Amino acid sequence: MKVMMCFCHKKVLRVIFALVIFNSTASLICYVFVTSSVKDEPSPLTNHRHIYQYSKGRQQDNNSRMKREDIYPYSSEHPFWLDPERHNAEIASFHLDRILNFRRNVPIAGRLINMTQEILHKCDDKALLDTFFWKGESEFNGLRFVTPPRRLCMHHMVTFIGECLPWFCNDEHPICGISDLLEVSVAQFLPKCPDSKYPVNDRAYPWSQEVKESKVWKNTNICDQVLMDLQNRNDRTFLDLIDLAIFDFLIVNYDRHSYTSLNQLKNKSFVTILDNGKGFGNPNNDELTILAPVYQCCKVRRSTYYRLKELENSKLSTSMRSSMSHDAISPILSEAFLAALDRRLMNAIETIQKCFLENGEDRVLMGY
C-alpha cells in the first residue's frame, strides 16, 4: 500500500488508502482515495471528493447523490449553501466550457465503479472499510433481515459515508450506489502545493452570492473597485471574470466564492472554471443577479459575445446534447435543463445588448 500526501495547502487532505487495479490494456492504475478537505473554519460539506493516483498523473472524483430529474427549490427554507453537489453538473460544465470555447475547465468524465470489486475487495484500511454498510439490512438475535429500500437507496445498497465533518458524514447523509455500483465524475487533479509543477492560487470572487458579500454589490456598483484591485494583474483577468459570470448564470451556480488561477503562468495566467458541482440545480430558476458583473461593468470579451450569438436558436442545447452523449454515464442532463440553457443564453445576450443601448457596442465589447 502506497501512502502519500497530496496537498501542502491549508486545506489539508489526508490519504486513506491506495487501491491498485488494471485497466483494459493491462496497464497499472493506482487509485488513491483521500478524505474531504479540512477547512480553516468548520462548515457542512455537501459532497465527497477523492483523489485517484494513476501511473501518469492524478484525478479527482465527485460522487453521485442526486438523480438527473431532482430539482433543488432555492428558497429561504432551502438556501443555496445546503444545495447538494451534483457529479453530473461537473461533467456538463466541462462540456459547456468547451462549447463556449472558453476551455478553462479541467477534463471531467463520468464513470461507473463497482464498490465491492474495486474497493471493498482490494482495501485493507479498517478506518475506510468502517464507513461502508449495506443499507436495507437489519440484525436481530444474530439473524440478518432485509428491509424495504429507503429514499434513494435500493435493496442491498452499498453505502460509502467517507470521512468529513460528523454532522454531514453520517448515516443520514450516505452516498449510495445502485446495488454496489456508484456513479462518479472523474476530473484532472490540480495540486495546491506551492512547490508543485502547476500550483494554483485562489482569490475571493468579488460578486459572491454569500449573504454578507452580496449585500455590498447588490446595493452598490462595485465594478470600478474591482478594476482598481485588478490593475496590477494581467489584462485578461477582468474579462475572464465576466466570462465566469456568464458561465455561472447559464448553469445557475450560486457557489462561486473564489476563482482560481495557475501561479506558474504569473501575469499570463487565466481564470479557471472549476468547482461547478452546485450548478444545474433547478431548470426553472434563472438567477439574473449572477450576471451582475456584466450589467454593472458593461464590458464583455468580443469573442464571447459572438460565440453566444452563434449558439442562439437552440444550438447550445443541441451541441450540449450531442457532446454529452458520448459520456460513459450519459444522459448527463435532463431535457428541462437543456431547455434552460437556451433560455438563459438569450437572457445573457439581452443583458449585453442592453449595455449596447446604454453605452454603445464599441465601448462594451473588448479584446479579441
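Residues numbered from 1 in each chain as written. Predicted model: local features only at pLDDT ≥ 70, side-chain atom pairs only at ≥ 80, totals over all residues. Heavy atoms only, no water.

### Describing the overall build of the protein
Here is step 1: The number of helices and strands found in the protein is 11 helices and 15 strands.
Here is step 2: Counting the 368 residues in the protein, one finds 52% classified as buried.
Here is step 3: Roughly 18300 Å² of accessible area belongs to the protein as shown, and the carbon and sulfur atoms make up 53% of that amount. (Helix = DSSP H or I, 4+ residues; strand = E, 2+ residues; numbered from the N terminus. Buried < 20%, exposed > 50% of the residue type's maximum accessible area, 1.4 Å probe, protein only. Areas by Shrake-Rupley, 256 points an atom, 1.4 Å probe, with all protein chains shown as cover.)

### What to know about a nonpolar patch on the surface
Here is step 1: A cluster of nonpolar side chains, W81, L82 and V211, forms an exposed patch at the surface whose accessible area comes to about 280 Å².
Here is step 2: In this structure, W81 sits in the loop between β4 (57–63) and α1 (87–99).
Here is step 3: Its relative accessible area of 40% is what places W81 among the partly exposed residues. (Patch = residues over 30% accessible without salt bridge, like charges linked within 9 Å, V, L, I, M, F, W, Y side chains within 5 Å. Salt bridge = Lys/Arg side-chain N within 4 Å of Asp/Glu carboxyl O.)

### Side note on the state of the cysteines
Here is step 1: By the definition in use, this model includes two disulfides.
Here is step 2: C223 shares a disulfide with C297; S-S distance 2.0 Å. Taking the sign of the S-S torsion, about 120 degrees here, the bridge from C223 to C297 comes out right-handed. Here the residue C223 occupies a position in helix α5 (residues 223–230), and C297 occupies one in helix α7 (residues 292–297), the gap between them amounting to 74 residues. A single burial state applies to C223 and to C297, both of which are buried. (Disulfide = S-S within 2.5 Å.)

### Focus: the confidence of the model for the protein
Here is step 1: Looking at the protein, pLDDT values average 76 and 67% of them are 70 or higher.
Here is step 2: Across residues 1–47, confidence stays below pLDDT 50; counting only partners more than four residues off in sequence or on other chains, it has 126 contacts.
Here is step 3: Counting contacts from residues 50–59, a segment whose pLDDT is below 50, to residues more than four positions away or on other chains yields 47 contacts. (pLDDT = per-residue confidence, 0-100. Contact = heavy atoms within 4.5 Å.)

### Regarding the packing of aromatic side chains
Here is step 1: Following the criterion strictly, the structure yields eight aromatic pairs and no others.
Here is step 2: Judged by centre distance (6.2 Å) and plane angle (75 degrees), the rings of F280 and F337 are edge-to-face. Placement of the pair is F280 in the loop between β13 (258–262) and α7 and F337 in helix α10 (residues 335–359), with a sequence separation of 57 residues.
Here is step 3: Through pairs of rings, three or more aromatic residues link up here, namely Y72, Y74, F80, W81 and Y254. (Phe/Tyr/Trp six-rings, centres within 6.5 Å; stacked < 30°, edge-to-face > 60°.)

### Some thoughts on the packing of α5 against helix α6 (residues 237–251)
Here is step 1: Put simply, α5 and α6 touch, their axes get as near as 10 Å, and they point 135 degrees apart. When the interaxial angle is binned, α5 and α6 end up oblique. Here α5 contributes C223, L227 and L230 to the contact with α6, which in turn contributes T237, F238 and L241.
Here is step 2: Residues belonging to the contact of α5 with α6 are distributed by class as follows: five nonpolar, one polar and no charged. (Axes fitted to C-alpha atoms, helices over the stretch in contact; angles between N-to-C directions. Parallel < 35°, antiparallel > 145°, perpendicular 65-115°, else oblique. Nonpolar A, V, L, I, M, F, W, Y, C, P; charged D, E, K, R; others polar.)

### As for the nonpolar core
Here is step 1: Core analysis: the biggest nonpolar cluster contains 66 residues, and L96, I246, M320, L333, L341 and I352 have the highest contact counts within it.
Here is step 2: Looking at this core, the elements with two or more residues in it are α1, α5, α6, α7, α8 (302–310), α9 (315–324) and α10.
Here is step 3: When residues of this core are assigned to their parent elements, the largest contribution, 11 residues, is made by α6.
Here is step 4: L341 has contacts with L96, L250, F280, L316, M320 and L333, leaving out every residue within four places of it along the chain.
Here is step 5: Core analysis: the second largest hydrophobic core is formed by 10 residues, M115, I119, I175 and V184 among them. (Core = buried A, V, L, I, M, F, W, Y, C linked by side-chain atoms within 4.5 Å.)

### Some details on the environment of S325
Here is step 1: Within the secondary structure, S325 sits in the loop between α9 and α10.
Here is step 2: Classification of S325 by relative accessible area gives partly exposed; the value is 41%.
Here is step 3: At a separation of 2.6 Å, a polar atom in the side chain of S325 contacts the main-chain carbonyl oxygen of S322. (Polar contact = N/O pair within 3.5 Å; in protein donor to acceptor, adjacent residues only side chain to side chain.)

### Points about the environment of C298
Here is step 1: Tracing the chain through its elements places C298 in the loop between α7 and β14 (300–301).
Here is step 2: Through-space distance from the C-alpha of C298 to that of N359 is 7.9 Å; in sequence the pair is 61 residues apart.
Here is step 3: Beyond its immediate stretch of four places on either side in the chain, C298 contacts P293, C355, E358, N359, R363 and V364.

### Overview of the pattern of salt bridges
Here is step 1: Summed over the entire model, instances satisfying the criterion amount to 13 salt bridges.
Here is step 2: Put simply, R68 and E183 hold a salt bridge, and the shortest N to O gap is 3.1 Å. Taken together, the residues span a long stretch of sequence, with R68 in the loop between β4 and α1 and E183 in strand β11 (residues 181–188) at a distance of 115 residues.
Here is step 3: Residue class for R68 comes out buried when judged on its relative accessible area of 17%.
Here is step 4: With relative accessibility at 21%, the residue E183 sits in the partly exposed group.
Here is step 5: In this structure, the salt-bridge partner of D286 is R344, at a minimum N-O distance of 2.8 Å. Of the two residues, D286 sits in the loop between β13 and α7 while R344 sits in helix α10, which places them 58 residues apart along the sequence.
Here is step 6: Through salt bridges with shared partners, a single network forms among R104, R236, D240, D243 and R301.

### Here's the deal with unusual backbone geometry
Here is step 1: S330 connects to P331 through a cis peptide bond whose omega is 5 degrees.
Here is step 2: Positive phi, normally seen in glycine, also occurs at V252, with a value near 50 degrees.
Here is step 3: Residue placement: V252 occurs in the loop between α6 and β13.
Here is step 4: Its identity as a non-glycine residue notwithstanding, D275 has a phi of 60 degrees, on the positive side.
Here is step 5: Its place among the elements puts D275 in the loop between β13 and α7.

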